[in-house]
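# Fold and contact review
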Amino acid sequence: MARRRHDLPDTPVIPPSPSTIDLHSHTSRSDGLLEPLELVRQASAAGVRLLAITDHDTVAGIREVLASGEIPAGLELIPGIELNAVVRDRRDLRESEVHILGLGINLADEALEVALTLQRDRRRVRFDEMVDRLREIGRPIDDALETLPAVSDDDALGRPRVARAMIAMGYAVSVEDAFSRYLAAGQAGYVPREGLNPRECIELVHQARGIASLAHFSEAPEKPGLIDELVGYGLDGIEVYYRSFEPATVAMMAAYAEGRGLVATGGSDYHGDLEPYAATHNRLWVPPEVEAPLRRAISAAAGASIP
């Protein structure tokens, strides 16, 4: 994936104890590598007791786990989603988008499922266009795609799958390498995203009786106008604790969240390309104090009247 300013910090947070909370994770139903039940097992084994599965544009993974009846004792799941919100008029944003986490959403909400189906359809179109562009520049990945795990209509296709196929073909050495040289904005294989804007994403989360939190956006204090806009749309929280934020960044984000009246959330954003879940969890610190305000916010959203 394209390197971000919060990736690979020089001074990582040293957790004082194993984190029991992870509110941001991905499974093979979107751009993660682990099957949903395997992610849950590994998170539980690492000490997580409150886990949100937040796949991009699909709730198939969380539904699969809940239907299995195999949730480890002591682990509680929060239904979640991650939505890539397109911001066409903000060229100062990375790839003209921000990411909105929906936490505590109602999985039975019909409007949510309709919107997610459309989002997944758009992803498939974008995916095919990227494959076409790579073929045009002499980097075909069709054969490698055939060797990757099959996907269903409920799975959300994304660039990491393209990157993994490129690795298999020998065109890249890592997902990050494939992004930086081929798949990021300005590179030959890049295709702009089409989809919901931030207001639509936040409203969709609220419609599904969840809370909306801005993900991995350490630039927030530098962009007060954008945050004002998102808060105006109803943004409820912001990701303060992220597995690769430096201590100074965490402190800055915590103060910013408190000053703006936003619920602090946090998570690993685990995908699985680099290491087992336990290794990522070793660098994750979401303090226990996050839980109570989060539960109050989710409870309030669940009981809110929807216009």
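In this report, we go over the structure that sits alongside the text. All figures in this text were calculated on a predicted structure; none of them were measured in a lab.

### Section: the overall build of the protein
If you tally the helices and strands in the protein, you get 11 helices and seven strands. Against the 2.2 N^0.38 benchmark of 19 Å for 307 residues, the protein shows a C-alpha radius of gyration of 18 Å, consistent with a compact globule. Once the C-alpha set of the protein is aligned to its principal axes, its extents read approximately 50 × 45 × 45 Å. Looking at the 307 residues of the protein, the share that counts as buried comes to 54%. In the protein, 76% of the contacts between residues at least 6 apart in sequence involve partners at least 24 apart. With an accessible surface of roughly 13100 Å², the protein has 52% of that area assigned to carbon and sulfur atoms. The average position of the 32 basic charges and that of the 48 acidic charges among the side chains of the protein differ by 2 Å.

### Notes on the pattern of salt bridges
Applying the stated rule across the entire model yields 22 salt bridges. In this structure, arginine 29 engages aspartate 155 in a salt bridge whose closest nitrogen and oxygen atoms are separated by 3.9 Å. Taken as a pair, arginine 29 in the loop between strand E1 (21-22) and helix H1 (36-45) and aspartate 155 in the loop between helix H4 (142-147) and helix H5 (159-169) lie far apart in primary sequence, 126 residues in all. Neither arginine 29 nor aspartate 155 differs from the other in exposure class; each is buried.

### Side note on unusual backbone geometry
Even without being a glycine, glutamate 95 presents a positive backbone phi close to 55 degrees. Residue placement: glutamate 95 occurs in the loop between strand E3 (76-86) and strand E4 (97-103).

### A word on helix H2 (residues 60-68)
For an α-helix, 3.6 residues make a turn, and residues three or four places apart therefore share a direction. Buried residues of H2: Ala60, Gly61, Ile62 and Val65, and no others. Positive phi appears at glycine 69, one or two residues downstream of H2, with a value of about 70 degrees.

### Some words on empty space enclosed by the protein
Using the criterion set out here, one finds four cavities of 30 Å³ or more in the structure. In this model, the second largest cavity occupies a volume close to 70 Å³. At the level of elements, E3 and helix H3 (110-136) are the ones that each hand at least two residues to the lining of the second largest cavity. The element contributing the most residues to the lining of the second largest cavity is H3, with four residues. Its residues assigned to classes, the lining of the second largest cavity comprises two nonpolar, three polar and six charged.

### So, the pairing of strand E6 (residues 237-242)
In terms of burial, E6 is largely enclosed, as six of its six residues are buried. Where strand E5 (residues 211-214) and E6 come together, two bridges link them in parallel fashion. Of the residues in E6, the one forming a bridge with leucine 214 is isoleucine 238. Traced from E5 through helix H8 (residues 224-233) to E6, the parallel crossover comes out right-handed. Sheet analysis places E6 next to strand E7 (residues 263-267), joined by five bridges and oriented parallel. By the bridge assignment for E7, glutamate 239 is matched with threonine 265. On the question of chirality, the crossover connecting E6 to the parallel E7 by way of helix H9 (residues 247-260) is right-handed.

### Points about H1
Pro36, Leu37, Leu39, Val40, Ala43 and Ser44 are the residues of H1 that are buried. Looking straight down H1, one finds its buried side chains confined to an arc of 160 degrees; they lie on one side. In this structure, the buried side of H1 is in contact with strand E2 (50-53), H2, E3 and helix H10 (277-281). Just downstream of H1 lies glycine 47, where phi reads positive at about 110 degrees.

### With respect to the environment of phenylalanine 127
As for its position among the elements, phenylalanine 127 is in helix H3. For the pair phenylalanine 127 and valine 162, spaced 35 residues apart in the sequence, the C-alpha separation amounts to 7.7 Å. Leaving out residues up to four positions away in the same chain, phenylalanine 127 has contacts with Leu145, Leu157, Gly158, Arg161 and Val162.

### Focus on the packing of aromatic side chains
Inspection of the entire model under this criterion finds two aromatic pairs. Geometrically, the ring pair formed by tyrosine 242 and phenylalanine 245 is tilted, given 5.3 Å between the ring centres and 45 degrees between the ring planes. As far as burial versus exposure is concerned, tyrosine 242 and phenylalanine 245 are alike and both buried.

### Things to note about the sheet that holds E3
In sheet architecture, strand pairing relies on hydrogen bonds along the backbone and comes in two forms, parallel and antiparallel. Here seven strands make up an open sheet; going across it, the order is E1-E2-E3-E4-E5-E6-E7 and the pairing mixed. A strand with exactly one partner marks an edge of an open sheet, and here the two such strands are E1 and E7. Two strands pair when backbone bridges link them, and E2 and E3 are joined in this way by four bridges, in the parallel orientation. Residue pairing in the sheet places isoleucine 53 in a bridge with proline 79 of E3.

The rules behind each value
- Residues numbered from 1 in each chain as written.
- Predicted model: local features only at pLDDT ≥ 70, side-chain atom pairs only at ≥ 80, totals over all residues.
- Heavy atoms only, no water.
- Helix = DSSP H or I, 4+ residues; strand = E, 2+ residues; numbered from the N terminus.
- Rg over C-alpha atoms; globule rule 2.2 N^0.38 Å.
- Buried < 20%, exposed > 50% of the residue type's maximum accessible area, 1.4 Å probe, protein only.
- Contact = heavy atoms within 4.5 Å.
- Areas by Shrake-Rupley, 256 points an atom, 1.4 Å probe, with all protein chains shown as cover.
- Lys, Arg positive; Asp, Glu negative; His and termini not counted.
- Charge placed at Lys NZ, Arg CZ, Asp CG, Glu CD.
- Salt bridge = Lys/Arg side-chain N within 4 Å of Asp/Glu carboxyl O.
- 1 Å grid on protein atoms, 1.4 Å probe; cavity = no way out; pocket = protein on both sides within 12 Å on 5 of 7 lines; lining within 4 Å.
- Points joined across faces, edges and corners; volume = space filled by probe spheres on them.
- Nonpolar A, V, L, I, M, F, W, Y, C, P; charged D, E, K, R; others polar.
- Pairing = 2+ DSSP bridges.
- Right-handed = clockwise from strand over helix to strand, strands pointing away.
- Arc of directions from axis to C-beta.
- Phe/Tyr/Trp six-rings, centres within 6.5 Å; stacked < 30°, edge-to-face > 60°.

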